[in-house]
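So the chains spell out like this:
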Amino acid sequence: MAESMLPPPTKFNIEATDAYIEWKAWIESFNIYAVAVELEKKKESFKEAVEALEGYFTPRRNVIAERHKFRSRKQNADETIDAYLTSLRELVKTCEFGALEDEMLRDHIVEKCYSKQLRERLLAQEELDLAKTLRIARSSESAIKERRKCIETSVQFDAKIQIVMNRVLKANPKTNRFCSWKGKTVLSRLQSMVAR
């Protein structure tokens, strides 16, 4: 009764550009159909056929080439450690490192991170796992961001002071006369006070 209510999946397109992607989509819809019509109970060789087709359509990977792609990946200057790790996790899936996957990720981050200071800091650690590597890298990124904010604020403040000083000078040119304090002009004295 269930067979007549649910239409079977569309025909498999063997001539698709990417047969693997086509296969994955088709087998997913076919599995839904098979469960609905209880096909597994009716046919003993169903699982064997699916496994054979899965093996046929799954692309064979050259582990050496996949590992080369992984090891060649460097962190970009504007890339956060989390974005870099996400990219590495995608690449490592096909490298077949097994239980060594986290160690390989840790070592790769140490070797190929963009920041030389971060690399030196990580190399100075005696006990370093992936979690500790990420904590240190994130902490370093936060410190760099804060330092950049402080520098930007300082530059903006200096620019505003310069604008005010220029306005004062234009409004009253006599403002920049010499004062008796260390033989400096009023504006140069003001600048030295701001520079502290």
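This text follows the structure it describes.
What counts, and where the lines are drawn
- Residues numbered from 1 in each chain as written.
- Predicted model: local features only at pLDDT ≥ 70, side-chain atom pairs only at ≥ 80, totals over all residues.
- Heavy atoms only, no water.
- Helix = DSSP H or I, 4+ residues; strand = E, 2+ residues; numbered from the N terminus.
- Buried < 20%, exposed > 50% of the residue type's maximum accessible area, 1.4 Å probe, protein only.
- Areas by Shrake-Rupley, 256 points an atom, 1.4 Å probe, with all protein chains shown as cover.
- Axes fitted to C-alpha atoms, helices over the stretch in contact; angles between N-to-C directions.
- Parallel < 35°, antiparallel > 145°, perpendicular 65-115°, else oblique.
- Contact = heavy atoms within 4.5 Å.
- Phe/Tyr/Trp six-rings, centres within 6.5 Å; stacked < 30°, edge-to-face > 60°.
- Core = buried A, V, L, I, M, F, W, Y, C linked by side-chain atoms within 4.5 Å.
- Salt bridge = Lys/Arg side-chain N within 4 Å of Asp/Glu carboxyl O.
- Left-handed = near helix turned anticlockwise from the far one by under 90°.
- Nonpolar A, V, L, I, M, F, W, Y, C, P; charged D, E, K, R; others polar.
- Patch = residues over 30% accessible without salt bridge, like charges linked within 9 Å, V, L, I, M, F, W, Y side chains within 5 Å.
- Lys, Arg positive; Asp, Glu negative; His and termini not counted.
- Charge placed at Lys NZ, Arg CZ, Asp CG, Glu CD.
- Polar contact = N/O pair within 3.5 Å; in protein donor to acceptor, adjacent residues only side chain to side chain.

(A) Structural view of the overall build of the protein. On a plain count of helices and strands, the protein comes out with 10 helices and zero strands. Buried residues in the protein amount to 23% of all 196 residues. Surface summary for the protein: the accessible area is close to 14700 Å², and the carbon and sulfur share equals 55%.

(B) Looking closely at the packing of helix α5 (residues 63-72) against helix α7 (residues 101-112). One can describe the packing of α5 onto α7 by two numbers: an axis separation of 10 Å at closest approach and a directional angle of 45°. Classified by the angle their axes make, α5 and α7 are oblique. The segment α5 lies against α7, with F70, R71 and S72 engaging M104, L105, H108 and K112.

(C) Structural context of the packing of aromatic side chains. Scanning the model with the defined rule gives three aromatic pairs in all. Taken together, W23, W26 and F30 form an aromatic cluster joined through their ring pairs.

(D) Highlighting the nonpolar core. Residues F70, L105 and I109 are the most contacted members of the largest nonpolar core, which totals 19 residues. Broken down by secondary-structure element, the contributors of at least two residues to this core are α6 (81-92), α7, α8 (116-123) and α9 (130-171). Per-element tally for this core: the top contributor is α6, with five residues. Among the nonpolar cores identified, the runner-up in size contains nine residues, and W26, Y33, A34 and V37 belong to it.

(E) Representation of the pattern of salt bridges within the structure. Going through the model one piece at a time under the given rule, you end up with five salt bridges. Across the pair E79 and R73 runs a salt bridge, and its minimum N-O distance is 2.6 Å.

(F) Local environment of the packing of α6 against α7. Packing of α6 against α7 brings their axes to within 11 Å, and their N-to-C directions diverge by 130°. Classed by the angle they form, the pair α6 and α7 counts as oblique. Between α6 and α7 the crossing geometry is right-handed. For the pair α6 and α7, contact is made by I81, Y84, L85, L88, R89 and V92 and by E101, D102, L105, H108, I109 and K112, respectively. Residue composition of the contact of α6 with α7, by class: seven nonpolar, one polar and four charged.

(G) Main features of a negative patch on the surface. A surface patch of like charges, here negative, comprises D102, E103, E126, E127 and D129. Here E103 shows up in helix α7.

(H) Region of interest: the side chain of E79. Within the element layout of this structure, E79 appears in the loop between α5 and α6. Residue class for E79 comes out buried when judged on its relative accessible area of 14%. Only 2.6 Å separates the side chain of E79 from the side chain of R73, close enough to count as a polar contact. In this structure, E79 is in contact with R73, K74, Y84 and E141, ignoring residues within four places of it in sequence.

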